[in-house]
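# Topology and contacts: notes
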Amino acid sequence: MSTDAQNEAKDTVFIGKKPIMAYVTSALIQLANNPQVVIKARGLSIGRAVDVAQIIARRTDNTGYSIGQVKIGSEQLQSLDGRSRNVSTIEIEVKKNA
């Protein structure tokens, strides 16, 4: 694993099907050690990723976290029947205020 890939894994929270507060807690733990964290999701988990970023930014307003850059895109995946399809993606940067 390259150094860039290790750094990306350390400051990235991948959103799945766990409860929202599990991801909020994970992101806050990472923010205690890093100046920023990236919340990544794709497909049906995009709404959950937005919720996680909003909870961190709104509930921790006094501690100084804010939403930075938001990137949207799509990835091409192979479905079970062999056809390729596009899946939406989102990356939300949450950072400490200076």
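This text follows the structure it describes.
A brief look at the structure comes next.

When strand 2 (residues 36-42) meets strand 4 (residues 84-96), the two strands line up antiparallel, connected through 7 bridges. Each residue of the ladder has a partner; that of Val 37, found in strand 4, is Val 94. Following strand 3 (residues 65-78), the chain reverses through 5 residues before pairing antiparallel with strand 4; Gly 82 in that reversal takes a positive phi of roughly 95 degrees.

In the contact formed by helix 2 (residues 20-33) and helix 3 (residues 46-59), the axes pass within 9 Å of each other and the chain directions differ by 55 degrees. Put simply, helix 2 runs oblique to helix 3. Note that helix 2 runs across helix 3; the crossing there is right-handed. The segment helix 2 lies against helix 3, with Ile 20, Met 21, Tyr 23, Val 24, Ala 27, Leu 28 and Leu 31 engaging Arg 48, Asp 51, Val 52, Ile 55, Ile 56 and Arg 59. In the contact of helix 2 with helix 3, the residues fall into 10 nonpolar, no polar and 3 charged.

Attention shifts here to the layout of surface pockets. In this structure, the largest pocket spans a volume of roughly 150 Å³. Surrounding the largest pocket, Phe 14, Ile 15, Lys 40, Ala 41, Arg 42, Glu 75, Thr 89, Ile 90 and Glu 91 form its lining. Those elements that place two or more of their residues in the lining of the largest pocket are strand 2 and strand 4.

Parameters at a glance
- Residues numbered from 1 in each chain as written.
- Predicted model: local features only at pLDDT ≥ 70, side-chain atom pairs only at ≥ 80, totals over all residues.
- Heavy atoms only, no water.
- Pairing = 2+ DSSP bridges.
- Helix = DSSP H or I, 4+ residues; strand = E, 2+ residues; numbered from the N terminus.
- Axes fitted to C-alpha atoms, helices over the stretch in contact; angles between N-to-C directions.
- Parallel < 35°, antiparallel > 145°, perpendicular 65-115°, else oblique.
- Left-handed = near helix turned anticlockwise from the far one by under 90°.
- Contact = heavy atoms within 4.5 Å.
- Nonpolar A, V, L, I, M, F, W, Y, C, P; charged D, E, K, R; others polar.
- 1 Å grid on protein atoms, 1.4 Å probe; cavity = no way out; pocket = protein on both sides within 12 Å on 5 of 7 lines; lining within 4 Å.
- Points joined across faces, edges and corners; volume = space filled by probe spheres on them.

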